[in-house]
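Listed below are the residues making up each chain.
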Amino acid sequence: MTAAHFSFTAGTLVDSAPARVSMAAPCGRLSLRARGDLAPLGAALGTDLPGRIGRRAGSGDTGILCLGPDEWAIHLPEARLAEVEAAFAGVYASHPHSLVDVSGAEVTFVVEGPRAAELLTLGCPRDIDTIAPGEGRRTVFDGATVILWRDAGTRFRLDVRHSFAPHLFALLDTGCRELAAEPR
């Protein structure tokens, strides 16, 4: 698949021995901004919000990443979006916050394999090794703002705006091919 023929369909996009890049299945995505007592918001979500930047929390099929002192990215099944939005609306009067559905704005690349972290260094200025498994960060990838989730030592998710996805895929595709061509 070339960048010109890029598709937002879930599945493997490029597969090499060093790394594989896939498109994750669509999910519900919420952006939450809040301050003060977070317990009622966690109760509305069904799990506590992580309190430190880069920390993740979750329950079942819901994942939450703390992006800033008052900001979280939330991934959950699309079928739960209306339920969670209603629960947050129910606590808004006593705990003002901003909850925005960004599901249609982003896609997620899954990058995994023995050299996945090395592949990400192609466009990410962060020291990938400083992001522990189970954590994540907002960062950039070749100038595009992304959210990087480290699920395991050799498995990452990269949330990116739709408009940047073909460009980032082209870089990841080239990187996979370069890593595969290197003699070991």
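Heads up: the structure comes first, above all this text.
None of these values were measured; they are calculated from a predicted model.

Participant: Explain the pattern of salt bridges here, please?
Facilitator: In a structure, side chains of opposite charge can pair up when their charged atoms sit close to one another. The final tally for this structure, using the stated rule, is 16 salt bridges. Notably, a salt bridge pairs arginine 20 with glutamate 112, separated by 3.4 Å at the nearest N-O pair. Taken together, the residues span a long stretch of sequence, with arginine 20 in strand S2 (residues 20-23) and glutamate 112 in strand S8 (residues 106-112) at a distance of 92 residues. When its relative accessible area of 29% is taken as the criterion, arginine 20 is described as partly exposed. Residue glutamate 112 is classed as buried on the basis of its relative accessible area, which comes to 19%. For glutamate 135, the salt bridge is made with arginine 137, and the minimal N-O distance between the two is 3.2 Å. Here glutamate 135 falls in the buried class, since its relative accessible area comes to 11%. Each of the salt bridges in this network shares a partner with another, and the network as a whole consists of Asp15, Arg20, Arg56, Glu112, Asp151, Arg155 and Arg157.

Participant: How should I be thinking about the side chain of arginine 150 in this particular structure?
Facilitator: With respect to the secondary-structure elements, arginine 150 resides in strand S10 (residues 144-152). At 3.1 Å, the side chain of arginine 150 and the backbone oxygen of isoleucine 128 are in polar contact. Here arginine 150 is in contact with Arg56, Ile128, Asp129, Ile131, Ala132, Pro133, Gly134, Glu135, Gly136, Arg155 and Phe156, once residues within four sequence places are set aside.

Participant: I would appreciate a short explanation of the sheet that holds strand S5 (residues 62-68) in the present structure.
Facilitator: The strands that make up a sheet are held in pairs by hydrogen bonds between backbone atoms, and each pair lies either parallel or antiparallel. Ordered by their spatial adjacency, 5 strands build an open sheet running S4-S5-S6-S3-S7, and the pairing between neighbours is antiparallel. Because the sheet does not close on itself, it has two edges, and the strands there are strand S4 (56-59) and strand S7 (97-101). Across this sheet, the average inter-strand angle for adjacent strands is 20°, counted without regard to direction. Here strand S3 (residues 28-34) pairs with strand S6 (residues 71-76) via 6 bridges, running antiparallel. When the sheet's bridge partners are listed, arginine 29 is paired in S6 with histidine 75.

Participant: Looking at this model, I keep getting lost on the layout of surface pockets. Mind explaining?
Facilitator: Empty space among the atoms becomes visible once a probe the size of a water molecule is rolled across them. In this structure, the largest pocket occupies an estimated 240 Å³ of space. Lining the largest pocket are 18 residues, with Val102, Glu106, Arg138, Ile147 and Arg161 positioned closest to its centre. Among the elements of the structure, S3, S6, S10 and strand S11 (155-161) are those that each provide at least two residues to the lining of the largest pocket. A per-element tally of the lining of the largest pocket places S6 first, with 5 residues. Of the residues assigned to the lining of the largest pocket, the class counts are 9 nonpolar, 3 polar and 6 charged.

Participant: When you look at the sheet that holds strand S1 (residues 11-15) in this model, what are you seeing that I'm missing?
Facilitator: Ordered by their spatial adjacency, 6 strands build an open sheet running S1-S2-S8-S11-S10-S9, and the pairing between neighbours is antiparallel. Looking at strand neighbours, the two that pair on one side only are S1 and strand S9 (135-141), the edges of this open sheet. Neighbour to neighbour, the strand axes of the sheet diverge by 25° on average, direction disregarded. Of the pairings in the sheet, the one linking S9 to S10 comprises 7 bridges and is antiparallel in character. By the bridge assignment for S10, arginine 137 is matched with leucine 148.

Participant: What is the right way to look at unusual backbone geometry in this model?
Facilitator: Trans peptide bonds make up the majority, and among non-glycine residues the majority have a negative phi. Positive phi, normally seen in glycine, also occurs at aspartate 142, with a value near 50°. Accessibility expressed as a relative area gives 42% for aspartate 142, which makes it partly exposed.

So, how was this worked out
Residues numbered from 1 in each chain as written. Predicted model: local features only at pLDDT ≥ 70, side-chain atom pairs only at ≥ 80, totals over all residues. Heavy atoms only, no water. Salt bridge = Lys/Arg side-chain N within 4 Å of Asp/Glu carboxyl O. Helix = DSSP H or I, 4+ residues; strand = E, 2+ residues; numbered from the N terminus. Buried < 20%, exposed > 50% of the residue type's maximum accessible area, 1.4 Å probe, protein only. Polar contact = N/O pair within 3.5 Å; in protein donor to acceptor, adjacent residues only side chain to side chain. Contact = heavy atoms within 4.5 Å. Pairing = 2+ DSSP bridges. Axes fitted to C-alpha atoms, helices over the stretch in contact; angles between N-to-C directions. 1 Å grid on protein atoms, 1.4 Å probe; cavity = no way out; pocket = protein on both sides within 12 Å on 5 of 7 lines; lining within 4 Å. Points joined across faces, edges and corners; volume = space filled by probe spheres on them. Nonpolar A, V, L, I, M, F, W, Y, C, P; charged D, E, K, R; others polar.

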